[in-house]
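# Structural overview
Each chain, written out:
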Amino acid sequence: MDLRFTDEEIAFRDEARQFFREEVPEAIRRKVLEGRHLSKDEIVHSQRILNARGWAVPHWPRAWGGQDWTPVQIYLFQDEMQQAGVPPPLPFNVSMVGPVIAEFGSDAQKLRFLPRAANLDDWWCQGFSEPGAGSDLASLRTKAVLDGDHWVIDGQKTWTTLAQHADWIFLLCRTDPAAKKQEGISFILADMRTPGIKVRPIQTIDGGHEVNEVFFDRVRVPRENLVGDVNRGWDYAKFLLGNERTGIARVGTSKARLKRIRDLAKLELRAGRPLIEDRRFREKLAAVEIELKALEITQLRVVADERGHARGKPNPASSILKIKGSQLQQATTELLLDVVGPHALPLAAQDEGNGRNEPGIGPEHAATAAPTYFNWRKISIYGGSNEIQHNIIAKAILGF
Amino acid sequence: MDFDLNDDQRLLRDSVDRLIADRYDFEARRRFTAEPEGWSRANWVRFAEQGWLGLPFTEASGGFGGGAIEIALVMEAFGRGLVVEPYLASILLAGRLLEEAGEAALVRRIAEGELLGAFAHLERHSGWDLEDVATKARPRGDTWHLTGTKCVVLHGDCADVLLVTARTAGAQRDRDGIGVFLITPDAPGLTRHGVPTQDAQRVAEITMSDTPARQLAFAGDALATLERVRDQAIAALCAEAVGVMEQMHATTVDYLKTRHQFGRAIGEFQVLQHRAVDMYVALEQARSMALFATLMAAEADSPRRRAAISAAKVQIGRSGRLIGQEAIQLHGGIAMTIEYKVGHYFKRMTAIEEMFGNADTHLEQVATAESIL
Ligand SMILES: Cc1cc2nc3c(=O)[nH]c(=O)nc-3n(C[C@H](O)[C@H](O)[C@H](O)COP(=O)(O)OP(=O)(O)OC[C@H]3O[C@@H](n4cnc5c(N)ncnc54)[C@H](O)[C@@H]3O)c2cc1C
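Bear in mind the structure is a predicted one, so any value in this text is a computation, not a measurement.

Calculation rules
- Residues numbered from 1 in each chain as written.
- Chains lettered and ligands numbered in written order.
- Predicted model: local features only at pLDDT ≥ 70, side-chain atom pairs only at ≥ 80, totals over all residues.
- Heavy atoms only, no water.
- Helix = DSSP H or I, 4+ residues; strand = E, 2+ residues; numbered from the N terminus.
- Rg over C-alpha atoms; globule rule 2.2 N^0.38 Å.
- Contact = heavy atoms within 4.5 Å.
- Areas by Shrake-Rupley, 256 points an atom, 1.4 Å probe, with all protein chains shown as cover.
- Lys, Arg positive; Asp, Glu negative; His and termini not counted.
- Charge placed at Lys NZ, Arg CZ, Asp CG, Glu CD.
- Buried < 20%, exposed > 50% of the residue type's maximum accessible area, 1.4 Å probe, protein only.
- Arc of directions from axis to C-beta.
- Near = heavy atom within 4 Å.
- Polar contact = N/O pair within 3.5 Å; in protein donor to acceptor, adjacent residues only side chain to side chain.
- Nonpolar A, V, L, I, M, F, W, Y, C, P; charged D, E, K, R; others polar.
- Domains from an automatic or database assignment.
- Buried area = accessible area lost by both parts, 1.4 Å probe.
- Salt bridge = Lys/Arg side-chain N within 4 Å of Asp/Glu carboxyl O.
- Pairing = 2+ DSSP bridges.

In terms of regular secondary structure, chain B is built from 11 helices and nine strands. Radius of gyration (C-alpha) of chain B: 21 Å, near the 21 Å computed for a compact globule of 373 residues. In chain B, the share of contacts with a sequence separation of at least 24, taken over all contacts with a separation of at least 6, comes to 72%. As displayed, chain B has an accessible area near 14,700 Å², and 52% of this comes from carbon and sulfur atoms. The distance from the centre of the 40 positive side-chain charges to the centre of the 52 negative ones in chain B is 4 Å.

Structure, rendered in structure tokens:
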């Protein structure tokens, strides 16, 4: 047993580190590290830099731009990317719809969509959740009915992240209302410009605009936009969710945040001394670092175990990563709030989406502390809430 | 021992509760925060008519001689309604300081709602320590002149009088040499810059450069007076926090009973019931400590008073964080939207946690004081 990486792995890590720091613009990475919103152009620009290097979709099949990396390489790659503040390639493209099309799509779909998804020429959004179908996704009601050469879609999706930027949406629709819940669902692709699709913004508590409602009113999409077989959409959705295994812990993101917290705690004074010298604060920081180290090793154990797992098959241990990873990311946002204290209270100037243009007050680094704390409550809710992850572990690992 | 309210207190509670229930629902509050000053002058007039603005002041200065209990009743209801008017800033901080300084004429106008005050203490690196003051007061001619910057001054943008801490002598963290000065915002050399806060209140940054000011005269030590007024304000804030937590908890329990997933109300999942129960336990612990703070707010033995107030602030901070985070989590996505009320309570709770020192700061106070038991 050895916790150290091999020389080749270290060389790979260094190569990734250098690439991220030298090729992805510092201004974009700084925004990510400071918790500020990125524009659509910045996200696209950054993904294209990765794609030009062949690194936007390393986990895809080789034929579609994948790299055949080992699970350890994928882990190192993500960790470096997160620590450097590189915006992750758009998950809807590279972790969700891409792998599903690569595995189950027709040749025509692969050819048409995969290269454009990798290069973010098409921006995809995920139309799964509905007002009545959150944790209980299989109860979704948006329906698609075949009419000649078209599917006619009626219904509503919600919480659709960044639909305002999207060119395409992949959605789960009910195609057999008579079948058992999970068995009458299909996976369909729709061009967002199709008549009858309407996007309505939802503002989140931090003032940002990252989610939307998407309405479908007699939306006609070509029959060939069905992925795989009709009524098999639930299997594809499970495959999609099972693909996201180790990235979700976002250990690198928490490492980067903790580094920032340490730096800022040198600048902020308490009782006339730098906060970083305060024993209670240091102990709180240490407690989070201990848990993060544990999670990192747990994650590496899951990574090592990956080799024995079939692709696209959910590994229930990844639920540990989701639970602990989200809790620790949230803990770092609370530490950051502790660091800036009352200076977190004034609303920042021109924080995208809040619609004001008064200049702000107070230290600039304080401006994102509270919005980040508020916004990051979401990560224990989406992608299968932490309660649902508990249910998965209880069933699949503990055998209840 | 007696936890009951007397008749007058019951009347007061009923009238505040009624006004908040009738006139301060979530929609109404949205309108108030959209007004130019970020709060409603009409509400202020109404509060004055009800006598709430004069509540803490003695009858001699135009008040109603209410104590910490009366204040707590008002503040708890304000917490339930997420009231945005400058009650804490103008009445409980500025008004009370003016009263301690024997400024009866000004207090009377504040109690009538005709004059607004704000308390400007916090600096970039002071934290909430009242003795940590870098702003300088220098005598010239027969007035003082202040130079320095005050941050996050609650409702400092609409105030007609600013009560500013400044140092007449000593080093930045000396307990001696601190004065409280009265400045009007049109004074030369003063600029102020108001912005909304995360929780839809208003704050200002105030910069003074050789700004003429009048020093307030207190019967005793200025710092001791400041500490007493601050402690009373914290007790009031704890009561407000209880109102905030109560709403978050009640809204969550309601939601669990009505939201259906997997063919049943999600409240039927026992694990969620237990989480709601833990929130409830935290709420009741907070309520008890807010009561402790209220009953200790007038304690003359200042170390005992300060330890009690700090203990309450710790409990409020911890219960508030748990209840706030759980309220969001148990709602799921809906609580992340600005159109749903729980997020607004969560944000107010977060702001309360960061005001006058967070739970860590106050834990330190309790740990270094005589046992509160
Ligand atoms: C910021 C954000 C972005 C999102 N982006 C997208 C997106 O792009 N595309 C998309 O399709 N969806 C998206 N979602 C939706 C997300 O996946 C759902 O919010 C999530 O599935 C939870 O559903 P819900 O919000 O309806 O909560 P509910 O399912 O109503 O859950 C409410 C509470 O009940 C708990 N609960 C539910 N069932 C059980 C159970 N059986 N046992 C124990 N507890 C239970 C939940 O854990 C939660 O605490 C996003 C959500 C957010 C907040």
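Text resumes after the structure shown.
Further remarks concern helix α2 (residues 26–33) of chain A. Residue and element names in this part refer to chain A. When we look at burial in α2, the residues that qualify are Ile 28, Arg 29 and Lys 31. The arc that holds every buried residue of α2, seen down its axis, measures 155 degrees, which confines them to one face. Of the residues one or two after α2, Gly 35 is the one with positive phi, at around 75 degrees.

In this section: the site of the ligand. Surrounding the ligand, one finds 31 residues, the nearest of these being Ser 135, Thr 161, Ser 385 and Glu 387 of chain A together with Arg 259 of chain B. The local environment of the ligand is shared, drawing residues from chains A and B. The separation between an oxygen atom of the ligand and a polar main-chain atom of Phe 128 of chain A is 3.1 Å. At a separation of 2.7 Å, an oxygen atom of the ligand approaches a polar side-chain atom of Glu 387 of chain A. Protein chains shield 95% of the accessible area of the ligand, which is 970 Å² for the free molecule. Contributions of two or more residues to the shell around the ligand are made by α12 (386–397) of chain A together with α8 (270–296) and α9 (302–331) of chain B. Looking at the shell around the ligand residue by residue, the class counts come to 13 nonpolar, 14 polar and four charged.

On to the domain arrangement of chain A. Residue and element names in this part refer to chain A. The domains assigned to chain A are domain 1 (7–89), domain 2 (123–231) and domain 3 (245–396). One C-alpha centre belongs to domain 1, the other to domain 2, and the line joining them spans 30 Å. Buried area between domain 1 and domain 2, both sides added, is near 360 Å², and the carbon and sulfur share of it is 68%. The three residues of domain 1 that bury the most area against domain 2 are His 37, Lys 40 and Ile 43, which together make up 93% of that side's buried surface. At the boundary of domain 1 and domain 2, one finds zero salt bridges. Connecting domain 1 to domain 2 are one residue pair in polar contact (both at pLDDT 80 or more).

All names here are of chain A. The two faces of strand β1 (residues 124–127) match: Trp 124 and Gln 126 on one face and Cys 125 and Gly 127 on the other face are all buried. Relative to strand β4 (residues 168–174), β1 is paired through four bridges, and the arrangement is parallel. Residue pairing across strands places Cys 125 opposite Ile 169, the latter belonging to β4.

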